[in-house]
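One letter stands for each residue in the lines below.
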Amino acid sequence: MLSVVRGGLRARWASFLGGFLALALGVGLLTATGLGLAAALDPPAHAPERFASSPVVVLGQDRLTVEVRRGPGTALASKPLDRPQPVDTDLLRELRARWTLTETATATATEPEHPAGATATAPDAVGLDAPADQVRAVVGDRAQVLTGDDRRRADPGHERDGHELTGLNALLGTAGGVAAFVSVFVVASVFAFSVALRRREFGLLRTAGATPGQVRRLLLAEAAVLGVTASATGCALGALAAPPMARALVARGLAPDWFASAAGGSAGWPYHLGFWTGLCVALAGAAAAAHRAGRTGPTDALREADVDRDVLPPGRALLGGGLLLAGLGLLVWTYATEPEALLKRKTYTTLPMLLTGGAALLAPLLVRPVARLLPVPRGGAVGLLVRENGAAAVRRTAAVAAPVLVTVALAGTLFGASESVTLAKETEARDRTAAPYVVEGRTVELPGTVEGGAVVAASGPTSLFVRDGAEALVKYQARAVADPDSFAALARLPVVAGDLRDLDDRSIVVNEEFEKRKVGEQVEVWRADGSGPVRLRVAAVLARGTGDNGPYVTRAQAPGSVLDRLESDRPLPAAGTSATAAPVNEAARTGLRLILVLVLLYTVIALASTLLMATSVRGGELASLRLAGATRAQALRAVTGEAVLAVAIGTALGLGVTAAVLGALGAGLAALSAPVALAVPWAQTGAAAGVCAVVAVAASAVPAWRLTR
């Protein structure tokens, strides 16, 4: 058996090259992203910077802990505060009385009436040289006592590193998941089409006495050899690619500086994950093809007809239909029960994969009707031949259309959903104010003078913590307004109940997401610094929108809030208004571009290998065309035209998946009373389809030119 396998791999190495490259690339990316995740999840120990000379650090509380109900009893629920709070002055007095403290004050605005940039006298952390157990006995639960490497939590960059690592984990996890998803289809497609081309070979083996089990074991053995070699190669590629990948992420500000040297660490699980995933993908991709090959009868050695029959086995039809129905069902269910989830990246990244996978598996069933509907140039016999050959050779057409479908669908859904959500948020933000002049930045300052009669509404971000029922603690990103009257005069919020003019220091504007949302009800909230609870009266209720509609409070309920937005009905004097630009987070866009390049690379490999295999066995067909009077140019136009038709079919199916996802997103925006602003990414889908068409033409024209010499 092994000699037969080795001989087959040597004789048909070109047929397995595409699967080998796709699998090695997928394993390499899984290994590289796994090494990155290992470094992010278990960062190397770093010496503290701010309190390097202090063996003990007392840090202000940075979490809010509230008692909630859990079944018949109670439990503690905890949420992080926006920043560590200043150490209690009474505690500082007690510590100074016992030990010498190392203090470094930070610039914070601790009182709501302080202007932005005010400096608090109480530090958020102090260092001291004392036994840790004695310090804990004095501190109790009024602050945190840090020792060893935990002292880094007091460093200025610790919180920023945490935010960067959260985005980095999402980026690397998504890229690795897409790599595994697409590689399964590519490898399965290569094996399936290879089996279709080798039916005469399997028929001869059956005629020579091979049993169906031996034929299946032959294919699985080939897949195992391919999987082992490609996975080992991929692991080596991943180890080489991890350091430059980490340096690129650091250079783009998507990872902390230390990540560049930590991503090539000694963690072993990424190599195991990549290798065994690659081997399982190879065997899984060949399993269905091996089952079909085992059903080949001896009479298939005599078949010459190129019209495909039984192109959609029951197992593939069941799996494809199940994935398609599951994707559509989840879209409808999410829209009906939780429409706001349609706007989340986790939803519009994973659900399209179900629809895309189902449509790709059902591609052989969809090829003929779509081919009949697409407009094909009727340039005499060549146009007719392109259409009929594309509809007759379903396996070949579907094998080309499926990877194109995956590329166009993922480009359309990922970029379309992301850009649509961004556009809806921008439109909603513009509609929330009647002010013709708006200044935004990381921090802004109120102008010293404005034109007579001008209305200026200033606001800044803050956080509010609210019990959801009695079982959970929820953190809301809120807005704190400096002047409620100016805010009400310029705001154009989607109010469904109440009046914005009723907002004051003892009230709150909530949205429909709140459990208590009737005007006049009392809402128990904790402030951004963890103080509270305070009871605020509901002054108005807003529609949920895209998630940025409220809540709103005054700055009296927002300690530490810094102004970042000014709205005015008159021009603001440049000399009196200062702003620093807010940073633009490129992690999401970089992740989407990475995913599109990755999927496009897989598609190029799949198209090239499939068309090289398919065209190289069409020598007899092309010779018949020449004998029938077709010129060499006409034969080449027919072959490349079929390739372009298959790409067009895949593009049409991919756009269908995109339309379903964006349609559900639009319905979700409407259900949330948010602006329905859908952005179809024609540039990305067009570029993906164009690259696929160029590769398909080249991969079919080169062997056809050789065969028609």
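All of these numbers come straight from a predicted model, not from anything done at the bench. (Residues numbered from 1 in each chain as written. Predicted model: local features only at pLDDT ≥ 70, side-chain atom pairs only at ≥ 80, totals over all residues. Heavy atoms only, no water.)

Draft legend 1. The arrangement of the nonpolar core in detail. With 33 residues, the main nonpolar core has Leu 331, Leu 343, Ile 649 and Leu 665 as its most contacted residues. Secondary-structure elements contributing two or more residues to this core are helix H11 (345-361), helix H12 (363-373), helix H13 (381-392), helix H14 (394-431) and helix H18 (632-671). Here this core gets 9 residues from one element, more than from any other, and that element is H18. Those residues within four positions of Ile 649 in sequence are excluded, and the remaining contacts are Val 367, Val 370, Ala 371, Leu 374, Thr 397 and Ala 401. The next biggest cluster of nonpolar side chains, apart from the first, holds 25 residues, and it includes Val 178, Phe 181, Phe 185 and Ala 411. (Core = buried A, V, L, I, M, F, W, Y, C linked by side-chain atoms within 4.5 Å. Buried < 20%, exposed > 50% of the residue type's maximum accessible area, 1.4 Å probe, protein only. Helix = DSSP H or I, 4+ residues; strand = E, 2+ residues; numbered from the N terminus. Contact = heavy atoms within 4.5 Å.)

Draft legend 2. Local environment of the sheet that holds strand S6 (residues 144-147). A sheet is described by the order of its strands in space; here 4 strands give the open sequence S4-S5-S1-S6, paired in antiparallel fashion. Since the sheet does not close on itself, it has two edges, and those belong to strand S4 (101-103) and S6, each with one partner. Pairwise comparison of adjacent strand axes, ignoring direction, gives a mean angle of 30° for this sheet. Sheet analysis places strand S1 (residues 56-59) next to strand S5 (residues 125-128), joined by 4 bridges and oriented antiparallel. Across the sheet, Val 56 pairs through a bridge with Leu 128, a residue of S5. Those strands touched by helix H3 (residues 89-98) are S1, S4 and S5, and its axis lies near 135° from that of S4. Along the sheet, helix H4 (residues 132-139) makes contact with S1, S5 and S6, crossing S6 at roughly 170°. (Pairing = 2+ DSSP bridges. Axes fitted to C-alpha atoms, helices over the stretch in contact; angles between N-to-C directions.)

Draft legend 3. Structural context of the environment of Ala 398. With respect to the secondary-structure elements, Ala 398 resides in helix H14. Separated by 249 residues in the primary sequence, Ala 398 and Val 647 place their C-alpha atoms 9.5 Å from one another. If sequence neighbours within four positions are ignored, Ala 398 has contacts with Ala 363, Pro 364 and Val 367.

Draft legend 4. Fine view of the pairing of strand S13 (residues 522-526). Here strand S9 (residues 456-468) pairs with S13 via 2 bridges, running antiparallel. Looking at the pairing, Val 466 lines up with Val 525 of S13. Pairing between S13 and strand S14 (residues 534-542): 4 bridges, direction antiparallel. If you follow Val 523 over to S14, its bridge partner there is Leu 536.

Draft legend 5. Summary view of unusual backbone geometry. Of note, the amide linkage connecting Gly 532 to Pro 533 takes the cis form, showing an omega dihedral of 5°. Among the structural elements, Pro 533 can be located in the loop between S13 and S14. Its identity as a non-glycine residue notwithstanding, Ser 673 has a phi of 60°, on the positive side. Turning to its location among the elements, Ser 673 is positioned in the loop between H18 and helix H19 (682-707). The exposure class of Ser 673 is partly exposed, given its relative accessible area of 47%.

Draft legend 6. Structural view of empty space enclosed by the protein. Per the stated rule, a full pass over the model turns up 3 cavities of 30 Å³ or more. Taken as a whole, the largest cavity spans an internal volume of roughly 100 Å³. Contributing elements (two or more residues each) for the lining of the largest cavity: H13, H14, helix H16 (587-616) and H18. When residues of the lining of the largest cavity are assigned to their parent elements, the largest contribution, 4 residues, is made by H18. For the lining of the largest cavity, the class distribution of residues is 6 nonpolar, 5 polar and 3 charged. Here the second largest cavity defines a volume of roughly 60 Å³. Contributing elements (two or more residues each) for the lining of the second largest cavity: H11 and H18. Among the elements that make up the lining of the second largest cavity, the one with the highest residue count is H11 (4 residues). For the lining of the second largest cavity, the per-class residue count stands at 8 nonpolar, 1 polar and no charged. (1 Å grid on protein atoms, 1.4 Å probe; cavity = no way out; pocket = protein on both sides within 12 Å on 5 of 7 lines; lining within 4 Å. Points joined across faces, edges and corners; volume = space filled by probe spheres on them. Nonpolar A, V, L, I, M, F, W, Y, C, P; charged D, E, K, R; others polar.)

Draft legend 7. Structural context of the confidence of the model for the protein. Here the protein shows a mean pLDDT of 81. Residues at 70 or above account for 86%. Element-level pLDDT for the protein is lowest in strand S17 (residues 578-580), with a mean of 47, against a maximum mean of 95 in strand S15 (residues 552-554). Scored below 50 in pLDDT, residues 107-120 shows 24 contacts in the model against residues more than four places distant or in partner chains. Considering only residues more than four positions removed or in separate chains, one finds that residues 578-584, a stretch of pLDDT under 50, has 15 contacts. (pLDDT = per-residue confidence, 0-100.)

Draft legend 8. Looking closely at the pattern of salt bridges. Scanning all chains against the criterion turns up 14 salt bridges. Here Asp 124 makes a salt bridge to Arg 50, at a shortest N to O gap of 2.7 Å. Taken as a pair, Asp 124 in the loop between S4 and S5 and Arg 50 in the loop between helix H2 (13-41) and S1 lie far apart in primary sequence, 74 residues in all. Classification of Asp 124 by relative accessible area gives buried; the value is 11%. The shortest N-O distance in the salt bridge between Glu 94 and Arg 142 comes to 3.1 Å. On the criterion of sequence distance, the pair formed by Glu 94 in helix H3 and Arg 142 in the loop between H4 and S6 is long-range, its members being 48 residues apart. One continuous salt-bridge network, built from bridges that share partners, spans Glu 440, Arg 565 and Glu 567. (Salt bridge = Lys/Arg side-chain N within 4 Å of Asp/Glu carboxyl O.)

Draft legend 9. Focus on H19. Taking 1.5 Å of rise per residue, the 26 residues of H19 would be expected to cover 38 Å, and the 37 Å separating its terminal C-alpha atoms lies within 8% of that figure. Burial in H19 covers these residues: Gln 684, Thr 685, Ala 688, Ala 689, Cys 692, Val 695, Ala 696, Ala 699, Ser 700, Pro 703 and Ala 704. (Expected span 1.5 Å × (residues − 1).)

Draft legend 10. A negative patch on the surface, seen in detail. Side chains of Asp 468, Glu 471, Glu 513 and Glu 515 sit close together on the surface and give a patch of like negative charge. Turning to its location among the elements, Asp 468 is positioned in strand S9. (Patch = residues over 30% accessible without salt bridge, like charges linked within 9 Å, V, L, I, M, F, W, Y side chains within 5 Å. Areas by Shrake-Rupley, 256 points an atom, 1.4 Å probe, with all protein chains shown as cover. Lys, Arg positive; Asp, Glu negative; His and termini not counted. Charge placed at Lys NZ, Arg CZ, Asp CG, Glu CD.)

Draft legend 11. Broad picture of H18. End to end, H18 covers 58 Å across 40 residues, agreeing with the expected 58 Å (1.5 Å per residue, within 8%). Ser 673 sits one or two positions beyond H18 and adopts a positive phi of about 60°.

Draft legend 12. Structural view of the packing of aromatic side chains. Under the counting rule described, the total for this entry stands at 3 aromatic pairs. Ring geometry for Phe 275 against Trp 276: centres 5.1 Å apart, planes inclined by 90°, an arrangement best described as edge-to-face. An angle of 35° between the planes, with centres 5.1 Å apart, marks the rings of Phe 487 and Tyr 552 as tilted. With Phe 487 in helix H15 (residues 484-490) and Tyr 552 in strand S15, the pair connects residues that are 65 residues apart, well separated along the chain. Here the basic side chain of Arg 632 rests over the ring of Trp 705, its NZ or CZ set 3.5 Å away from the ring centre. (Phe/Tyr/Trp six-rings, centres within 6.5 Å; stacked < 30°, edge-to-face > 60°. Lys NZ or Arg CZ within 6 Å of the ring centre and 35° of its normal.)

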